[in-house]
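A closer look at the structure
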Amino acid sequence: MTEKDFLTKALTDTVLTRRSFLKWSATLGGTAVLAGGVNTGLKAVEAAADKAASEGKWVSAACWHNCGGRCLIKAHVVEGVVTRVKTDDTHEDSADYPQQRGCVRGRSQRKVVFGADRLKYPMKRKNWEPGGGKKELRGKDEWVRITWDEAIDIYASEIKRVKEQSGNESIFAVHSGSMGRVLGLYGGNIDRWGSVSWGTWREDYPLLTGIPGTGDTAGNDRFRMRQAKLIVLWGVNSAVSSNGNPTYYYLQAKKAGTKFISIDPIYNDTAVALADEWIPIRPGTDTPMLLAMAYHMIDKNLQDQDFLDKYTVGFDADHMPEGADPNNNFKDYVLGTFDKQPKTPEWASEICGVPADRIRWLAQELATTKPAMIQTAGAPARINNGECLPQAMLTVGWMTGNVGFVGSGVGPNMHSRAANAGAALINAGSNGVKAIPNPLNDKGTRKSAPNILNNCEMWEAILSGKYHAGYDDIRDIDIRMIISADFGDALNQRTNVNKGIQVFRKMEFVAVQSLFLNSSAKYADLVLPVTSQWEQLGNFQTGDREILIYNSQVTKPLFEAKDDLDIAVAVGVRLGLKAEDIKPLSSEQMVYNQLAGCQVKLQDNSGFEPLLTITQQDIAALGAKGEPQTGRIPYQEFKDAGIYRVKRSADDKLGHTELSGYIKDPEGSPLKTKSGKLEIYCESLSELIKASGFNLKDPLPKYDPPIEGYEETFADWEKKIKGDYPLQLYTIHYQRRSHSSFDNVLWLREAFPQETFMNPKDAAERGIKNGNVVLITSKHGKVIRLVLVTNRISPGIVTLGEGAWAQVDEASGIDMAGATNTLNGDFATGQGHSGHNTCIVQVTRYDGPVNLQSDSKWPQRIVFKEA
């Protein structure tokens with residue numbers, strides 16, 4: 001490395017290197033590092049680094065991304081510079097009292113906060129002007145650095161202009177964040193709605209079981225789970241998509257003797273670690289397999305009929321809700337009594353790809369094993385027309401009677417509650433700031449506020465000027481402005497990126513607040529740099545029900561970055577609003593309020609007690625107002641550790657088993673469903689789907705082939721002639737990212753290339769070899785990627801990790817980065833959930849002019865280097 005190379009690296013690779021270089025070189029006498037030559041300079045830097053390490057301090061630092069884990073990260077800070085990171089070492093690690101360890105993403109967090117590609121200054125698009133300017137240049141225009149005063153003037157004047165000319169209904173906050181407070185006070189805005197991560201579980205579970213929430217309490221806590229004899233992981237890959245301890249918790253169950261079966265199109269990392277059996281299945285075909293399992297149970301009289309009669313409605317003609325057609329019952333539907341199509345394993349096998357004997361074997365295992373659990377995640381339910389899946393899965397679980405007692409359960413067990421179901425045992429308090437309602441969506445629900453756009457319809461609605469407001473209710477819409485605040489990247493993370501780009505280029509104004517020039521920011525007019533949680537006074541993270549993480553400020557705001565809420569205040573004041581209405585409390589007071597309000601469950605499970613003892617001296621140091629209090633641990637201990645974990649044991653009173661109260665006393669503890677029971681036949685779900693306006697659904701879990709599902713890979717289903725898009729795309733969470741976060745970190749790009757997985761059979765048919773560049777084409781877009789040929793994925797299926805930052809080549813229309821939503825179509829069905837796992841594609845060898853080198857070697861999106 002030459003002296004010039006060394007200097008270039010020191011000034012451009014990361015903010016960390018830049019600032020460290022300046023501090024260390026100043027310590028060594030200005031230019032002494034370079035004057036002494038490269039070797040001497042490097043040794044001097046190393047010596048200075050060692051000196052700095054001895055002088056620094058460890059600070060609890062946020063790992064705030066939506067990976068499902070939320071782990072403890074400690075940053076070693078020297079004069080505002082993070083020199084290294086570590087994870088939880090607050091106590092000895094054990095199976096019963098585990099540490100909350102960070103993964104590779106958390107350990108690379110300083111490359112996020114101190115990345116060379118951080119947005120440093122406010123900037124506007126060169127060819128933008130009020131009304132849009134040259135809109136077609138969005139995404140490829142030059143950027144002009146501006147002052148914060150200029151930026152706030154533009155932001156506020158555009159909001160005012162659009163409101164005065166077209167009304168608040170023309171302002172679309174695709175990610176409102178803190179700006180939602182301003183917009184709420186200024187007359188409101190159009191919002192968006194719809195489930196993304198949870199697929200169809202979000203609405204299905206509470207309507208079918210009467211239990212509020214998304215179903216993340218289904219099953220058992222980690223101690224009771226160890227008593228299960230069998231756990232079926234249906235579309236679960238916690239090792240990647242629920243980081244932290246979930247897979248470790250599953251491992252304890254395996255050590256205790258639990259048998260694991262994995263059902264997934266991919267032999268995923270969790271299956272590698274845990275599974276005794278792997279059953280490959282085609283994406284979007286889980287419902288036929290579940291119906292066939294039900295058929296086998298009925299055919300062999302294996303169902304727990306006493307459980308079904310006592311606790312459910314809709315299984316057979318004798319147990320239907322009042323007023324329902326007795327012929328439209330689950331048992332007769334499965335047997336094909338009226339539709340003349342028995343849902344046999346042979347019928348299902350043709351669709352799902354699982355051999356009929358294998359379906360029978362699994363049904364037999366589940367029906368004859370107690371206690372047993374079916375645990376699933378969001379992926380199988382992220383399909384178009386997918387409401388039938390949760391309903392079918394719950395029904396099969398109920399048929400086995402594996403509900404309500406220790407070691408049993410059925411339902412989604414993912415994200416922060418994976419492998420440790422149950423309500424949180426510890427929580428932070430409220431920050432004390434009341435939400436400001438949106439006047440255009442004052443009740444915040446789909447039924448009472450139809451003037452909000454669905455995630456899967458919003459791009460099409462904006463382009464066409466029409467959207468579904470409900471059943472037989474199509475209304476006009478005229479969006480002229482998009483606002484995206486608080487790290488959002490809807491352009492990248494919602495289906496149909498190409499259509500989203502058209503929308504952004506149609507707008508009169510697009511404002512984005514972000515850490516980086518992500519996909520949404522790239523196509524904006526005004527981009528504002530915001531602070532990360534490392535630059536904020538303090539934040540709280542929670543995931544596992546037993547932990548609460550408190551992170552302190554690691555460094556002062558870098559460059560000219562501002563907090564999202566402070567940006568909102570500045571814009572609001574320009575609009576004539578009062579600063580105290582937008583931010584009624586100081587940042588210091590909000591942090592204190594959350595600390596003072598921290599509550600932890602009493603060991604006898606009788607209620608909560610304050611977590612923290614806070615002295616008057618603590619309050620003064622926090623810069624807040626409040627009264628001293630007594631809690632379980634001192635505040636300073638919590639701050640220094642950065643985490644509190646509730647101590648648990650197998651025989652404590654803090655365990656959880658879903659539906660145990662109802663099973664013990666169904667009369668005294670009726671469910672909050674329409675019937676008061678578990679609903680196999682659910683009129684409420686059918687009514688909800690109808691009210692959404694996209695399509696209709698039967699009250700039973702009848703199979704409704706998804707749009708762009710397996711059946712559509714055929715031009716002629718009966719003759720089994722494949723069509724133009726013969727493969728299914730299965731989008732997965734990926735080690736390199738948390739959704740789109742971390743995708744710009746070069747360390748992670750190098751460690752986890754954005755590859756597409758393909759089965760050797762499919763590759764051979766196409767003349768594709770491992771490491772080739774392939775073109776993946778759908779009806780909605782095309783991407784190129786390097787291919788990994790592996791038997792870990794089933795034939796007929798290819799996969800890509802979701803969240804790559806789209807990099808669409810203007811000439812060819814090809815996304816060079818391999819963003820899955822470039823390929824996914826935007827279809828609003830059912831409750832308006834996202835159908836990311838129903839997408840059909842073709843894959844061919846790509847011999848175009850592009851040399852697809854590793855994206856770890858791509859130039860970073862650095863707009864302005866440090867002055």
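Thresholds, definitions, all that
- Residues numbered from 1 in each chain as written.
- Predicted model: local features only at pLDDT ≥ 70, side-chain atom pairs only at ≥ 80, totals over all residues.
- Heavy atoms only, no water.
- Axes fitted to C-alpha atoms, helices over the stretch in contact; angles between N-to-C directions.
- Helix = DSSP H or I, 4+ residues; strand = E, 2+ residues; numbered from the N terminus.
- Contact = heavy atoms within 4.5 Å.
- Nonpolar A, V, L, I, M, F, W, Y, C, P; charged D, E, K, R; others polar.
- Pairing = 2+ DSSP bridges.
- Expected span 1.5 Å × (residues − 1).
- Buried < 20%, exposed > 50% of the residue type's maximum accessible area, 1.4 Å probe, protein only.
- Phe/Tyr/Trp six-rings, centres within 6.5 Å; stacked < 30°, edge-to-face > 60°.
- Lys NZ or Arg CZ within 6 Å of the ring centre and 35° of its normal.
- pLDDT = per-residue confidence, 0-100.
- Arc of directions from axis to C-beta.

Looking now at the packing of helix α9 (residues 201-209) against helix α30 (residues 683-692). Contact pair α9 / α30: the axes reach a minimum separation of 9 Å and the direction vectors enclose 150 degrees. Across the interface between the two elements, Glu203, Asp204, Leu207 and Leu208 from α9 touch Ser684, Leu685 and Leu688 from α30. Among the residues forming the contact of α9 with α30, the class breakdown is four nonpolar, one polar and two charged.

Okay, the sheet that holds strand β21 (residues 538-541) next. The three strands are arranged β21-β22-β27 in an open sheet whose pairing can be described as antiparallel. Only two strands of the sheet have a single partner each, and these edge strands are β21 and β27 (643-645). Going from strand to strand, the sheet's axes swing by 15 degrees on average, the running direction of each strand aside. One ladder, built from four bridges, connects β21 with strand β22 (residues 547-552); its direction is antiparallel. Looking at β22, one finds that glycine 538 is bridged to serine 552. Helix α26 (residues 587-596) contacts β21 and β22 of the sheet and is inclined by roughly 35 degrees relative to β21.

If you trace the three strands from one edge of the open sheet to the other, you get β1-β2-β3, paired in antiparallel fashion. Looking at the sheet topology across the chains shown, the edges are occupied by β1 (57-61) and β3 (81-87). Across the sheet, the mean angle from the axis of one strand to that of its neighbour is 35 degrees, orientation sign disregarded. Where strand β2 (residues 73-78) meets β3, six bridges bridge the pair, whose relative direction is antiparallel. The residue of β3 that forms the bridge with valine 78 is valine 81.

In a regular helix each residue adds 1.5 Å, so 13 residues correspond to 18 Å; helix α19 (residues 388-400) covers 19 Å between its end C-alpha atoms and thus fits that length. Within α19, 13 of the 13 residues are buried, leaving the element largely enclosed by the surrounding structure. Of the residues flanking the end of α19, it is glycine 401, one or two places downstream, whose phi is positive at about 75 degrees.

According to the stated counting rule, one finds 22 aromatic pairs in the structure shown. Ring centres of tryptophan 201 and tyrosine 205 lie 6.2 Å apart, and the angle between their planes is 55 degrees; this geometry places the pair in the tilted category. Pair noted here: tryptophan 201 and tyrosine 205 are both in helix α9, with a separation of four residues, about one helical turn. Across the pair, tyrosine 205 and tryptophan 201 agree in class, each one buried. Summarising the aromatic geometry, the rings of phenylalanine 516 and tryptophan 805 are spaced 6.3 Å apart at their centres and angled 50 degrees between planes, so their arrangement reads as tilted. Within this pair, whereas phenylalanine 516 is found in the loop between β19 (509-514) and α23 (519-522), its partner tryptophan 805 is found in the loop between β35 (797-801) and β36 (814-815), the two being separated by 289 residues in sequence. Accessibility classification places phenylalanine 516 together with tryptophan 805 in one group, the buried group. Through a chain of ring-to-ring contacts, three or more aromatic side chains come together here, namely Phe540, Tyr550, Tyr635 and Phe638. Lying across the ring of tyrosine 186, lysine 163 places its NZ or CZ 4.1 Å from the centre. The aromatic ring of tryptophan 717 is capped on one face by lysine 720, whose charged end is 3.8 Å from the ring centroid.

The next subject is the confidence of the model for the protein chain. Close inspection of predicted coordinates is inappropriate for parts of the model with low pLDDT. Averaged over the protein chain, the pLDDT score is 91; the fraction of residues at 70 or greater is 92%. Long-range and interchain partners of residues 1-13, a stretch whose pLDDT sits below 50, account for 26 contacts in this model, where long-range means more than four residues apart. With pLDDT under 50 throughout, residues 15-42 is counted as low confidence; its partners more than four residues away or in other chains account for 49 contacts.

Structurally, the α-helix is built with 3.6 residues per turn, so residues lying three or four positions apart point the same way. Taken together, the buried positions of α9 are Trp201, Asp204, Tyr205, Leu208 and Thr209. Along the long axis of α9, the arc covered by the buried residues comes to 95 degrees, so they all point the same way. Those residues of α9 that are buried lie in contact with β12 (372-376), α19, β13 (409-412), β28 (678-679) and α30. The first or second residue beyond α9 is glycine 210, which carries a positive phi of 80 degrees.

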